[in-house]
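# Understanding the architecture of this molecule
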Amino acid sequence: MLRRQAGEDPLISEVELRDLVAEVDEQHHAGMATLDADLAEVIHGEGSRGMTASRRRFLKGVGLGGLTLTIGQAVLPVSSLLSPAYGQTATTNPPNEVTAAFAESLELAAVAAYQQAAAKLTTPAVASAASTFAGHHAQHATAFAALSKGKATGKPNPKLLQVLSGEIHDANDEKATLQIAYDLENGAASTYVFALGILTDKAALQLTASILPVESQHAVVLGQALGLAPFTPATGSTDPYAGSGYVPYFVTQDQKVDPAAYPVAGQG
Amino acid sequence: MSDEHTHDHSHAFDRRRLFQVGGLAAAAAGLAACINGKGSTGDTTTTTSTTLASKTDMTSMRTASSIEALLVQAYQKILDANLVTTPAVLEQVKLFQLQHKAHLTFFEAATKRGSGPVFSDPNPALVQQISQQLAGLGSEHDALQLLYNLEKQATATYQSNVGNLSDPTLNQAVMSVGGAEARHVAALAPTVGQQPVPGAFASTDGAVAPGTGGL
């Protein structure tokens, strides 16, 4: 049985997880067979809208009745997730292909990290889930590379992988290793919230929007395997949305992997 | 890892917060100052203009709030019927309803921000679609299956909005909620015998079209 919180009914057992992963794996292989066609539809279905965006507009706004959430340690109004007025600001951002290449490097770092972590994942169902998730990340990397107009390097993000490798090396047990994977998945989801604010190409936006939920769901499975609570409110906070867990009130960009801090190979 | 990821932008958040409390003009000026002042990427330029929210955006936000109101109502009816008795699952159901209330407020605010008329009621077309099913729920599994279906529908809807909104910041807004709904789906999935992560790419199948229900 996977670790659960004391006194709680198990929502997912090791057997159940193994069965689910087996089914997912079947779908994964089936999905791979149609991947090219699926990606072609996603990528080439419609062209760019020519819009410009600002990642910073996402985090400005005016008060809205005191509704707040927590980003990192800071309590922010929910209005901070909304622009102050629709279409008020136009900003030129990094080209879409640069962001796609960065995303590819992040996904490849995730694949490599899961491979390195495999030796420390001793529970069969957990190891199987991790293998499946690594397969998903490989597919994500392929999809982002296809949008990168040749800028994708085909290499894991060097600094991110260095950080992850160090953490995995230092992890004493399966739980510590799972925690790294959990943080990684949350970081990926957060990065794609961030990316949605700087991408302008419709195909890139839609691909990113199709991957963000998957990284989020990876985090749920890993969070459950870790025995975390879905959401634990922050103690002593007056903000009802402050807290931690694998089901936050909102997925924000606060845990993102910053492209400026983690350049793709050859750019550092 | 997380600490390192967030550290670089802690100042940016602080600076953003400075103009979150101001008015629109101050916010626009603050944004320009923030971007120009930080200059971390060197490839960002900013201009400002003022345009009204598009009708499509407003319709999408109103549709989103109507979906959240529907979810709040569905969760409430299931809670009132005491159909969910497994303690851990019941706690999740209560949590998810609270989160949908927050999402409803969020989309109402988004609509208001675009000067659109706020819609706070459950989507009438969707209410009609599920009313019979809701009335006939007889077990915890039935209830969770309905909630799972509704969560999937909400996730697909927000994903389908991306790339089709005139205000690009709304892409982030809808997926900040869509990502949370996707987590609801994954958390509920084992309770109804479904896969928590059904594939490498999320689908928009079953998405609710903007304007559904006459909004």
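Note that the structure is a prediction, hence the values are computed from the model and not measured.

With that out of the way, let us pick up the overall build of chain B. Of the regular secondary structure elements, chain B holds eight helices and one strand. The order of helices and strands in chain B, counted from the N terminus, is α-α-α-β-α-α-α-α-α. A buried classification covers 52% of the 215 residues belonging to chain B. Long-range pairs, those at least 24 residues apart, make up 75% of the contacts in chain B between residues at least 6 apart in sequence.

Along its length, chain A carries seven helices and five strands. Tracing chain A from N to C terminus, the helices and strands come up as α-α-β-β-β-α-α-α-α-α-β-β. Expressed as a percentage of the 268 residues in chain A, the buried residues total 56%. When contacts within chain A are restricted to residue pairs at least 6 apart in sequence, long-range pairs at least 24 apart make up 74% of them.

Attention now goes to helix 7 (residues 140–161) of chain B. Since the α-helix turns once every 3.6 residues, residues separated by three or four places project in the same direction. Residue and element names in this part refer to chain B. Taking 1.5 Å of rise per residue, 22 residues should cover 32 Å, and helix 7 covers 32 Å from first to last C-alpha, within 8% of that figure. Summarising burial for helix 7: 17 of the 22 residues are buried, a large majority. G163 lies just past helix 7 and shows a positive phi near 90°.

All right, on to the nonpolar core then. For soluble globular proteins, nonpolar side chains are generally found buried alongside one another. A109, A113, L164, A181 and L196 of chain A together with L147 of chain B are the most contacted members of the largest nonpolar core, which totals 120 residues. Ignoring anything within four residues of it in the chain, the contact list for A109 of chain A reads P156, N157, L160, L161 and L164 of chain A.

Here chain A shows a mean pLDDT of 76. Residues at 70 or above account for 65%. Long-range and interchain partners of residues 1–14 of chain A, a stretch whose pLDDT sits below 50, account for 30 contacts in this model, where long-range means more than four residues apart.

Further remarks concern the environment of H184 of chain B. Position of H184 of chain B among the secondary structure elements: in helix 8 (residues 169–188). Judged by C-beta crowding, with 28 C-beta atoms within 10 Å, H184 of chain B ranks as buried. Sequence spacing of H184 of chain B and G211 of chain B is 27 residues, and the spatial spacing of their C-alpha atoms is 24 Å. If near-sequence neighbours (up to four positions away) are discounted, H184 of chain B is found in contact with V247 of chain A together with F96 and E151 of chain B.

This paragraph deals with the packing of helix 4 (residues 55–80) of chain B against helix 6 (residues 124–135) of chain B. All names here are of chain B. Axis separation between helix 4 and helix 6 bottoms out at 12 Å; the angle between their running directions is 10°. In terms of orientation, helix 4 and helix 6 fall into the roughly parallel class. At the point where helix 4 passes helix 6, the crossing takes the right-handed sense. Contact residues: L70, A74 and K77 in helix 4; L126, V127, I130 and L134 in helix 6. Grouping the constituent residues of the contact of helix 4 with helix 6 by class yields six nonpolar, no polar and one charged.

What follows concerns the environment of Q194 of chain B. Residue and element names in this part refer to chain B. Of note, Q194 is situated in the segment after helix 8. Remark: the alpha-carbon pair of Q194 and Q145, spanning 49 residues in sequence, is separated by 9.6 Å. Discounting residues that sit within four places of it in the chain, Q194 has contacts with Y148 and A189.

Residue and element names in this part refer to chain A. With 24 residues, helix 7 (residues 202–225) extends 35 Å between its outermost C-alpha atoms, agreeing within 8% with the 34 Å of an ideal straight helix rising 1.5 Å per residue. Counted residue by residue, helix 7 has 23 buried out of 24 residues, so it is predominantly covered. Backbone geometry just downstream of helix 7 places G227 in the positive-phi region, at approximately 80°.

On to the confidence of the model for chain B. All names here are of chain B. Counting all residues, the mean pLDDT for chain B is 80, and 76% of those residues have values of 70 or more. Looking across chain B, the model is least confident in helix 2 (residues 10–20), with a mean pLDDT of 25, and most confident in helix 7, with 98. Contacts for the low-pLDDT stretch residues 1–51, under 50 throughout, to residues beyond four places or in other chains number 83 contacts. Of the two predicted TM-score estimates for the complex, the pTM is 0.76 and the ipTM is 0.80.

A positive phi is found at K149 of chain A, a non-glycine position, where the angle reads about 50°. Here K149 of chain A lies in the loop between helix 4 (124–146) and helix 5 (158–170). If you check the backbone angles, N82 of chain B has positive phi at about 55° while not being a glycine. Within the element layout of this structure, N82 of chain B appears in the loop between helix 4 and helix 5 (87–113).

All names here are of chain B. Running from N to C, helix 4 and helix 7 point in directions that differ by 170°, and their axes come no closer than 11 Å. The pairing of helix 4 with helix 7 is recorded here as roughly antiparallel in orientation. Along its contact with helix 4, which presents S60, A64, I67, L71, A74, Y75 and I78, the element helix 7 presents A143, L146, L147, L150, A154, T157, Y158 and N161. Here the contact of helix 4 with helix 7 is built from residues that sort into twelve nonpolar, three polar and no charged.

Cut-off values and rules
Residues numbered from 1 in each chain as written. Chains lettered and ligands numbered in written order. Predicted model: local features only at pLDDT ≥ 70, side-chain atom pairs only at ≥ 80, totals over all residues. Helix = DSSP H or I, 4+ residues; strand = E, 2+ residues; numbered from the N terminus. Buried ≥ 20, exposed ≤ 12 C-beta atoms within 10 Å, placed from the backbone. Contact = placed C-beta atoms within 7 Å. Expected span 1.5 Å × (residues − 1). Core = buried A, V, L, I, M, F, W, Y, C linked by C-beta atoms within 7 Å. pLDDT = per-residue confidence, 0-100. Axes fitted to C-alpha atoms, helices over the stretch in contact; angles between N-to-C directions. Parallel < 35°, antiparallel > 145°, perpendicular 65-115°, else oblique. Left-handed = near helix turned anticlockwise from the far one by under 90°. Nonpolar A, V, L, I, M, F, W, Y, C, P; charged D, E, K, R; others polar.

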